[in-house]
Amino acid sequence: MSLPLTDYNRIRSWFYRNARPLDLARWRFHFEEGPLSAVLEALSAYQNEDGGFGHALEADSWNPNSTPIQTATTVEKLLEIHFDDRTHPIVQGMMRYLDSGAEMDEGIWRNVVDSNNDYPHAPWWHTDSNSTARSMYNPTAILAGAILKFADRDSRLYEQGMQIAKDLAGKFLEHPDIEMHPLKCVLTMLECIAAAKVEEHFAYPQLIVAARAQIAVLLARGAGDWNGYSCRPSAFIKTPDSLGAADHAALVQQELDYILSTRNPEGVWNLTWSWAAYVKEFAVAENWWKASIAIGNLLLLRAFKGLGYS
């Protein structure tokens, strides 16, 4: 089962009508040989003078101020486009923000900041939320990984990032039974450790074994029950080379079929969550998320040869 060219073109038209500039630039980069510079230019619009990111880059939080979560979202976007230039102004600014210690407590970046409450947001980004998205790993593991990948090796920030990453790695090995969002953050940190070629500073083989085992636990728990907010293989598995891809090949194929069969009348995919507040703002954020979900789904289909025209 694969996505025909006619359906791909329908999704493409939806993007050109609805996507914000950043997501259209991402679309063009991935599927139309669009320039990397356009993605970076659009991404820079979300960066503040302190080097951090805000302005609803993470579409569930419309806080314009720099926050760790929105800065971690930038890291994910840079990893998505395989960006490695540590001298770029976006990266330099982000390192400056992380080095400032803003929104940080005892080696952990806050995943929710007080100013979130002043702007439209999903309930899990409110200060009184107890969502599982709020863990020591989210976004600290992502940001520590970014430091290892991008910071100057002789800097104080790099030493701090290495220590934070070691601490989180040790905690994960002691208690690997974490939920989907924290595990995604750990996997991003492991990706950055490998990209920085610093595996020797960690119990890296053991970390891989533990992460692989927890992927299996979470996927077994939610296998096939994907109608609501759920843990699908694509939460962790992006390509045939991803950790766990070989272990869960049948489940990945099941998700590919599910993706192809669940497009809405517009040709893209509906969200599996809502805010239950800020109705007008959520209607806008919903379209932003639809674009991001569509990019992720098509990248997954392409990686596993589910695009019929490629």
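For the structure itself, consult the block above.
The structure presented is a predicted model; accordingly, all values stated were derived computationally and were not measured. (Residues numbered from 1 in each chain as written. Predicted model: local features only at pLDDT ≥ 70, side-chain atom pairs only at ≥ 80, totals over all residues. Heavy atoms only, no water.)

Our focus in this paragraph is the overall build of the protein. Check the secondary structure of the protein and you find 11 helices and two strands. Taken from the N to the C terminus, the helices and strands of the protein come in the order α-α-α-α-α-β-β-α-α-α-α-α-α. Relative to the 2.2 N^0.38 estimate, which gives 19 Å for 310 residues, the radius of gyration of the protein is 19 Å and therefore close to what a compact globule would have. Along the longest, intermediate and shortest principal axes, the C-alpha atoms of the protein span 55 × 40 × 40 Å. A total of 310 residues make up the protein; the buried ones form 51% of that total. Within the protein, counting contacts between residues at least 6 apart in sequence, those at least 24 apart form 65% of the total. The distance from the centre of the 27 positive side-chain charges to the centre of the 38 negative ones in the protein is 5 Å. (Helix = DSSP H or I, 4+ residues; strand = E, 2+ residues; numbered from the N terminus. Rg over C-alpha atoms; globule rule 2.2 N^0.38 Å. Buried < 20%, exposed > 50% of the residue type's maximum accessible area, 1.4 Å probe, protein only. Contact = heavy atoms within 4.5 Å. Lys, Arg positive; Asp, Glu negative; His and termini not counted. Charge placed at Lys NZ, Arg CZ, Asp CG, Glu CD.)

Bringing the packing of aromatic side chains into the picture now. For any pair of aromatic rings, the description rests on two quantities: the centre-to-centre distance and the angle between the ring planes. Evaluation of the coordinates by the stated rule reveals 11 aromatic pairs. Taken together, a centroid distance of 6.4 Å and an interplanar angle of 80° make the contact between Trp62 and Trp275 edge-to-face. Here Trp62 is found in the loop between helix H3 (36–44) and helix H4 (68–80), whereas its partner Trp275 is found in the loop between helix H10 (249–261) and helix H11 (279–303), with 213 residues between them in sequence. With a relative accessible area of 2%, Trp275 lands in the buried category. Among the aromatic residues, ring-to-ring pairing joins Tyr8, Trp14, Phe15, Trp27 and Phe31 into one connected group. One cation-aromatic arrangement involves Arg20 over Trp288; the distance from NZ or CZ to the ring centre is 4.8 Å. We note Lys149 situated over the ring of Phe150; from NZ or CZ to the ring centre the distance is 5.4 Å. (Phe/Tyr/Trp six-rings, centres within 6.5 Å; stacked < 30°, edge-to-face > 60°. Lys NZ or Arg CZ within 6 Å of the ring centre and 35° of its normal.)

Looking now at H3. For H3, every residue scored as buried is listed here: Val39, Leu40, Ala42 and Leu43. Buried residues of H3, viewed axially, fall in a sector of 165°; they line one side. For H3, the elements touching its buried residues are helix H2 (21–31), H4 and helix H5 (89–99). (Arc of directions from axis to C-beta.)

The tally for this structure, following the rule as stated, stands at one cavity of 30 Å³ or more. Lining the largest cavity are Ser61, Thr67, Pro68, Ile69, Gln70, Asn111, Val112, Val113, Asn116 and Trp125. Taken together, the residues that form the lining of the largest cavity break down as five nonpolar, five polar and no charged. (1 Å grid on protein atoms, 1.4 Å probe; cavity = no way out; pocket = protein on both sides within 12 Å on 5 of 7 lines; lining within 4 Å. Points joined across faces, edges and corners; volume = space filled by probe spheres on them. Nonpolar A, V, L, I, M, F, W, Y, C, P; charged D, E, K, R; others polar.)

Closest axis-to-axis distance for the helix H7 (residues 156–174)/helix H9 (residues 204–222) pair is 10 Å, and the angle between their directions is 50°. When the interaxial angle is binned, H7 and H9 end up oblique. Relative to H9, H7 is oriented so that their crossing is left-handed. Listed contacts from H9 to Ala169, Phe172 and Leu173 of H7 are Gln206, Leu207, Ala210 and Ala211. Looking at side-chain class alone, the contact of H7 with H9 contains six nonpolar, one polar and no charged residues. (Axes fitted to C-alpha atoms, helices over the stretch in contact; angles between N-to-C directions. Parallel < 35°, antiparallel > 145°, perpendicular 65-115°, else oblique. Left-handed = near helix turned anticlockwise from the far one by under 90°.)

On to the side chain of Lys290. Relative to the helices and strands, Lys290 is located in helix H11. A relative accessible area of 8% places Lys290 in the buried class. In this structure Lys290 touches Trp14, Asn264, Glu266, Val268, Trp269, Asn270 and Leu271, once residues within four positions along its chain are discounted.

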